[in-house]
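Tertiary structure, described
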Amino acid sequence: MSALTIENLDICYGESKVTHDINLSVAEGESFALVGESGSGKTTVLRAIAGIATSWTGSITAFGQARSPGIDRGFARQCQMVFQDPYGSLHPRKTVDATLSEPLAIHGIADNGERVDEVMQSVGLDRRFRFRFPHQLSGGQRQRVAIARALILRPKLLLLDEPTSALDVSVQAEILNLLKRLRREQGLTYLMVTHNLAVVSFLCDRLAVMRHGRIVEVASADQLKRGALEDPYSRELIQFSPSHPA
Ligand SMILES: Nc1ncnc2c1ncn2[C@@H]1O[C@H](COP(=O)(O)OP(=O)(O)O)[C@@H](O)[C@H]1O
Ligand SMILES: [Mg+2]
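Below is a short write-up of the structure. Not measured: the values here are computed from a predicted model.

Rules behind the numbers
Residues numbered from 1 in each chain as written. Chains lettered and ligands numbered in written order. Predicted model: local features only at pLDDT ≥ 70, side-chain atom pairs only at ≥ 80, totals over all residues. Heavy atoms only, no water. Helix = DSSP H or I, 4+ residues; strand = E, 2+ residues; numbered from the N terminus. Rg over C-alpha atoms; globule rule 2.2 N^0.38 Å. Contact = heavy atoms within 4.5 Å. Areas by Shrake-Rupley, 256 points an atom, 1.4 Å probe, with all protein chains shown as cover. Lys, Arg positive; Asp, Glu negative; His and termini not counted. Charge placed at Lys NZ, Arg CZ, Asp CG, Glu CD. Pairing = 2+ DSSP bridges. Near = heavy atom within 4 Å. Polar contact = N/O pair within 3.5 Å; in protein donor to acceptor, adjacent residues only side chain to side chain. Nonpolar A, V, L, I, M, F, W, Y, C, P; charged D, E, K, R; others polar.

Helix and strand content of the protein: 10 helices and 11 strands. Since a compact globule built from 246 residues should have a radius of gyration of about 18 Å, the 18 Å found for the protein is in line with a globular shape. Along the three orthogonal principal directions, the C-alpha set of the protein runs to about 55 × 40 × 35 Å. Across the protein, every contact between residues at least 6 apart in sequence was considered, and the portion connecting residues at least 24 apart equals 68%. If you sum the accessible surface of the protein, you get close to 11,200 Å²; carbon and sulfur atoms cover 48% of it. Of the side chains in the protein, 28 bear a positive and 27 a negative charge, and the two mean positions are spaced by 4 Å.

Moving on, we come to the pairing of strand S1 (residues 2–13). Two faces make up the sheet, and in a regular strand the side chains alternate between them. In the sheet, S1 pairs with strand S3 (residues 22–27) via 5 bridges, with the strands oriented antiparallel. Within S3, the residue paired with Leu9 across the bridge is Ile22. Where S1 and strand S5 (residues 56–62) come together, 6 bridges link them in antiparallel fashion. Bridging across to S5, Glu7 finds its partner in Ser59. Pairing analysis gives 2 bridges linking S1 to strand S2 (residues 16–17), with the strands arranged antiparallel. Among the inter-strand pairings, Cys12 is bridged to a residue of S2, identified as Lys17. Here S1 hands over to S2 after 2 residues, with Gly14 in that stretch at a positive phi of 60°.

This paragraph deals with the site of ligand 1. In the vicinity of ligand 1, the residues found are Tyr13, Val18, Glu37, Ser38, Gly39, Ser40, Gly41, Lys42, Thr43 and Thr44. Taking Gly41, its main chain carries an N or O atom lying 3.0 Å from an oxygen atom of ligand 1. With 3 residues, the top contributor of residues to the shell around ligand 1 is helix H1 (residues 42–50). By residue class, the composition of the shell around ligand 1 is 2 nonpolar, 6 polar and 2 charged.

These figures capture arrangement, not role.
Structure below.
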C-alpha cells in the first residue's frame, strides 16, 4: 500500500504559487527525501501535508485516506510532523510532560501517564526530564522531545523537516541514529527534507530533487551513491553538497 500519494499539488502563499504540479508516491515503510536548494518549496510541501499550509489544489492521500486543507484529526493520527528548529517548536512554558500529554488530550485518548513514559523511553529521554522545561534541556534533548511529541499518537508516517540541521554537529549523528532505529522498530514511513545528501544516503531509500517549486528528478539512494543522477541540476547539487552526515 502507498503510505503517501500526492497528485498535482499546487500550494499558494497568498497570491504566489510556491509549488507546481508536485506528484510523488511514498511506499509504506519507505524513507523518502526531498532535497533541493533553499526556497525550492520543500518545507511548504510538508506544511501542506501536515495541514499548516492550507491554500492548495490537487490531492494528498495517506494510507488511502484523502485529506482536505486545514485541520483533519483523522489524518493527524496517521501523520505527524517534526519541525526543523527544536528551539522554536516547543512551547517555552510547557514541561516535557505537558507537551507530550497535549496531543493525547486533543484526540481524547485517556492515559494515566504510561504512554508518556513509554514514548520518552523510546526516544532515549531519561525519566528525570519529564517535568523539565525546554530551556533546561540541550538541543539534542529538545529534538528528542519533538520526535516524541510526533510519535505519541502512534502515527505511521512522519514528516521530518531538516531534523538535525539546527543541532550541534556532535549530536546530529545521535538523532540520525535514533530516527533510523525508530523507523525499524515501529515500521514508520518517513518523508524527510534535508539539504544534506549524506543524510539521504544514511537514512533514505529514494529522493526527489526540487527546484523552484517543481520536482526535477526522482531517484534511488543507490543511484545517488553511484553518482548516477540524470538531471543536470541534480548533478550540480550533488557536487556542492557536504559529503558527511553533518
Ligand atoms: N509563510 C510564508 N508566507 C509566504 N511565503 C512563504 C512562506 N513560507 C515560505 N514562503 C516562500 O515559499 C518559497 C518556498 O519556501 P520553503 O518551502 O520554505 O522552501 P525550502 O524549505 O525548500 O527552503 C520561498 O520562496 C519562500 O520565500
Ligand atoms: Mg525549508
